[in-house]
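Structural description and commentary
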Amino acid sequence: MSNLIIELQGKTQIITINRPDKLNALNKETIAELSNAIKEAEQNDEVISIILTGAGEKAFVAGADISEFHEFNREQAKDLAKGGQDTLFDLVENTEKIVIAAINGFALGGGLELAMSCHIRVASSNARMGLPEVSLGVIPGYGGTQRLAQLAGKGKAFEMISTASMITADEAKECGLVNHVVEQSDLIERCLSIATQLQKNSPRAIAAAIRAINAGYKEGVNGFESEIDEFADCFTTQDFKEGTDAFLSKRKANFTGK
Ligand code: COA
């Protein structure tokens, strides 16, 4: 049985993690299913953007499934972190369609790490976020030490990780961890409205922007140089011709993503 609910709404694929009894904790099976769902959405021409959320009103994802790894040795732990980063967390970040996290409740440990891999985060006002791993005697292993420092600043990352404390949705907005905070009943609508807004633009250019922004955070890659290359490549696309022709002839652009 699948741990996900997948539905296409307009041009947005909504992927819901559906283990509400376990507060949508990420077990191995769910990570593999999520990875496949993201790859399928990326390959599906009908999908322009993706929303990731959790089932129920309580949790987005309450972390990696603690019951699966509590007896692991060092090698198994290394495989768990590396496997997860490669299969899911880096995959989400590098997906060439915008992925929006709709954080509908607890986003803890691997749950916050998953939300931080997404390109945009919208939280409901009841959401609580944290990286409580040190309270279990371990540290975040799905990119949390890196992405929290990138998004919220190094000082906030040191404090949140060492105290293992949770912050509210408003506090998360204040430190740049989430883009917007809305009432839970408006969460998906707000995410869909962002998706609709970006769907008017060139999918090809958005993919280039995702690659260029991510390039600045990659070891040994110069983000400014990547931007120059991506900018130049845009001039070879049908979307660029369509976008500039449409502007000059005062009509709405009809992008094909080619
Ligand atoms: N892994 C596995 N199971 C989890 C889980 C996780 N990360 N988070 C919650 N669950 C399970 C609980 O074990 C419980 O299962 P049970 O009913 O079979 O006993 C169920 O989800 C409900 O959780 P519960 O703890 O009873 O809910 P609560 O409202 O009392 O507390 C939290 C909510 C989020 C504060 C609490 O579940 C929690 O601290 N979870 C772990 C968070 C964490 O440390 N994540 C990082 C993991 S690396």
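Residues numbered from 1 in each chain as written. Predicted model: local features only at pLDDT ≥ 70, side-chain atom pairs only at ≥ 80, totals over all residues. Heavy atoms only, no water.

1. Comments concerning the domain arrangement of the protein
- Looking at the protein, the domain boundaries give domain 1 (4-198) and domain 2 (203-249).
- Its C-alpha centre places domain 1 at a distance of 26 Å from the equivalent point of domain 2.
- Taken together, the contacts link 10 residues of domain 1 with eight residues of domain 2.
- Approximately 710 Å² of surface area, both sides summed, lies buried where domain 1 meets domain 2, with 60% of it carried by carbon and sulfur atoms.
- The largest share of the area that domain 1 buries against domain 2 comes from Asn94, Glu96 and Gln150, three residues that together contribute 56% of it.
- Counting the contacts that link domain 1 with domain 2 gives one salt bridge.
- Measuring nitrogen to oxygen at the nearest pair gives 2.9 Å for the salt bridge that ties Glu96 to Arg211.
- Put simply, domain 1 and domain 2 have four residue pairs in polar contact (both at pLDDT 80 or more) between them.
- For the side of domain 1 that touches domain 2, the class distribution of residues is three nonpolar, four polar and three charged. (Domains from an automatic or database assignment. Contact = heavy atoms within 4.5 Å. Buried area = accessible area lost by both parts, 1.4 Å probe. Salt bridge = Lys/Arg side-chain N within 4 Å of Asp/Glu carboxyl O. Polar contact = N/O pair within 3.5 Å; in protein donor to acceptor, adjacent residues only side chain to side chain. Nonpolar A, V, L, I, M, F, W, Y, C, P; charged D, E, K, R; others polar.)

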